[in-house]
Amino acid sequence: MLMTVGLDWGASGHAVCALDEHGTILVRFECPHSAAGLAELLRRLRRVAAPEALPVAIERPSGLVVEALAAAGHPIVPIHPNVVKACRPRYRAACGKSDPGDAYMLADILRTDGHRFQPLTVVSGEIKALRVLVRGRDDLVAQRVAVTNQLRAVLDSFWPGVATIFAALDSPIALAFIARYPTPESAHRLGEKRMASFLRQQGYPGRRTPAVLLERLRVAPVGQAPATETEAKGRLVRALVSVLETLTVEIGRLSSRIEQAVAELPDGRIIMSFPRAGRINAAQMLAEIGDERARFQSFDQLAAEAGVSPVTHASGKRRGVVFRFACNHRLRAAITCFADNSRHASTWAAQHYARARSRGCTHSHAVRVLARAWLRVLWRAWLDGKPYDPQRHSSAVRLTP
C-alpha cells in the first residue's frame, strides 16, 4: 500500500501528516525542533511503516531534519515552495495557510503527483564538504564586494582620491595605504620619499612612480566637512579596512583548502582537465553537480539545472524563447564563468562564441550558448569518468590546423 508523508518544516517545530493511497489521514502530529522531538518524529513514523516504504515530502532539500530522515532510511522528495503555493487553491478556495494544512498538502501532492518529482540523491561526504567550503567562500567573496562598495562610498563622501591610487580598492597594498592615511589630514605631509618608502615596504612592483601615484591623490577633490565629521569618517574607514583585511585572509585560506580538496577528488580532476577550468572554478562546478551519476538522467536535465537552456512558450501561432530564471544559480554562475574563460584557451570555444555573437547574441547570451555546448562535453566526460581529451572532441579536432 502506498503511503506518503508531508513535513512542514519550522525553526522551532515541525508539522507532520501521513496519508494512505486513498488520501486518508493515518497520523497527524507536531514535534519540536529538538533532539527529543526528532527522535519522537522517527518513532511515530516507524509505527506507520518501515522507513524505506515511507517517502517524505518537504519544502527544503537540506537541514538537520532532512539529515535525520535520510539517515533513518526515508526517501526524501523536495518540493519547491512555489509548487506548494500553486497547488494551494486545489485545497482551499480562500487559499488559507497553516502548518498542519501545508503538511497535509505536501503529503497529498506526493501521493497524487509523486512521479513528477525526483527523490533527493545522496552525495558523498567529500562532495558535501567541498560544497560547504565553496559556498562559504562564495558568500565571503560577496561580503567582501559589499564591504568594498561601502568603503568606496565613504571615501567618495570626503576623500575620493585615495580610492584611485591603486587599481583595486580591496587589494592588500590599497588597504594598507588607507589604514595608514584614513583622512586627508593624515596624508598632509605625504611626499614622494615617504610614498616610495611605503611602496618598498609593501613590495610594490613599480608600475607607477611615487610622483604619479601622488598626482592621482592630489587631483581629486577634497571634502569640506568639519574636522569632527572627518575624524568620524576616518574611524569608519579604519573599521571597514579591518573587516576587509580579515575577509581577504580567510578567503585565501578557504581557497587553499578548496584547491587541495578538488585536486584529491577523481571528478575534480576530470573537470580541471577542461581548458581554463582552474581549481576554484572546477570546485564550484563539482560542488553543484555532485558525484551521483543517477541524478541527471539526460544532458537536457543538467542544462536546465544549470540555467543555460532557454524556456520555450508556444501557443497557437505564437512562439517565444525566453531566459530561464528557475535554476541552480550557483551552478549557472560557475559554468558560465568557465565558458567565458575557456574561449581564451580553446579555438573551438572562441569560434563557438564568435558565431553566437554574429547571430546578434549579447555577450552574456553568447556565453550561455557556449556554456551549453561545453556542458554536453563535460556531462559525457563526467559519465564516463574520463578527463577531457581535445583529440576526442570531434568539433575541436576539425578546427585543428
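Each remark here, short or long, concerns the structure printed above.
A brief structural summary.

The rules behind each value
- Residues numbered from 1 in each chain as written.
- Predicted model: local features only at pLDDT ≥ 70, side-chain atom pairs only at ≥ 80, totals over all residues.
- Heavy atoms only, no water.
- Helix = DSSP H or I, 4+ residues; strand = E, 2+ residues; numbered from the N terminus.
- Rg over C-alpha atoms; globule rule 2.2 N^0.38 Å.
- Buried < 20%, exposed > 50% of the residue type's maximum accessible area, 1.4 Å probe, protein only.
- Contact = heavy atoms within 4.5 Å.
- Lys, Arg positive; Asp, Glu negative; His and termini not counted.
- Charge placed at Lys NZ, Arg CZ, Asp CG, Glu CD.
- Axes fitted to C-alpha atoms, helices over the stretch in contact; angles between N-to-C directions.
- Parallel < 35°, antiparallel > 145°, perpendicular 65-115°, else oblique.
- Left-handed = near helix turned anticlockwise from the far one by under 90°.
- Nonpolar A, V, L, I, M, F, W, Y, C, P; charged D, E, K, R; others polar.
- Phe/Tyr/Trp six-rings, centres within 6.5 Å; stacked < 30°, edge-to-face > 60°.
- Lys NZ or Arg CZ within 6 Å of the ring centre and 35° of its normal.
- Pairing = 2+ DSSP bridges.

Check the secondary structure of the protein and you find 16 helices and seven strands. Since a compact globule built from 401 residues should have a radius of gyration of about 21 Å, the 28 Å found for the protein marks it as more spread out than a globular shape. Referenced to the eigenvectors of the C-alpha coordinate spread, the extents of the protein come out at roughly 85 × 65 × 50 Å. Expressed as a percentage of its 401 residues, the buried residues of the protein come to 42%. Sequence-distant contacts in the protein: of pairs separated by 6 or more residues, those separated by 24 or more amount to 58%. One finds the centroid of the 55 positive side-chain charges in the protein at a distance of 7 Å from the centroid of its 35 negative side-chain charges.

Packing of helix 12 (residues 299-306) against helix 15 (residues 363-384) brings their axes to within 10 Å, and their N-to-C directions diverge by 130 degrees. Classed by the angle they form, the pair helix 12 and helix 15 counts as oblique. In the packing of helix 12 onto helix 15, the handedness of the crossing is right-handed. When helix 12 is examined against helix 15, the residues Phe 299, Asp 300, Leu 302, Ala 303 and Ala 306 are found in contact with a partner set consisting of Arg 372, Leu 375, Arg 376 and Trp 379. Looking at the contact of helix 12 with helix 15, its residues break down into six nonpolar, no polar and three charged.

Next up on the list: the packing of aromatic side chains. If you walk through the whole model with that rule in mind, you get 14 aromatic pairs. Ring centres of Trp 348 and Trp 374 lie 4.7 Å apart, and the angle between their planes is 80 degrees; this geometry places the pair in the edge-to-face category. A residue pair is termed long-range when its members are at least 10 positions apart, and Trp 348 in helix 14 (residues 347-358) and Trp 374 in helix 15 qualify at 26 residues. Each member of the pair, Trp 348 as well as Trp 374, is classed as buried. Lying across the ring of Phe 29, Arg 44 places its NZ or CZ 4.2 Å from the centre.

For the rest of this paragraph, the subject is the sheet that holds strand 5 (residues 76-78). The sheet built from five strands is open, its strands ordered 3-2-1-4-5 with mixed pairing. Two strands bound the open sheet, and with one partner strand each, they are strand 3 (25-32) and strand 5. Looking at each pair of strands side by side, their axes are set apart by 20 degrees on average, direction ignored. Against the sheet, helix 1 (residues 35-48) engages strand 1 (4-8), strand 2 (13-19) and strand 3, with an angle of about 170 degrees to strand 3.

Note that strand 6 (residues 311-315) and strand 7 (residues 318-322) share five bridges and pair antiparallel. If you follow Ala 314 over to strand 7, its bridge partner there is Arg 319. The hairpin turn running from strand 6 into strand 7, its antiparallel successor, is two residues long, and Gly 316 in that turn takes a positive phi close to 65 degrees.

Nothing here speaks to function; it is geometry throughout.
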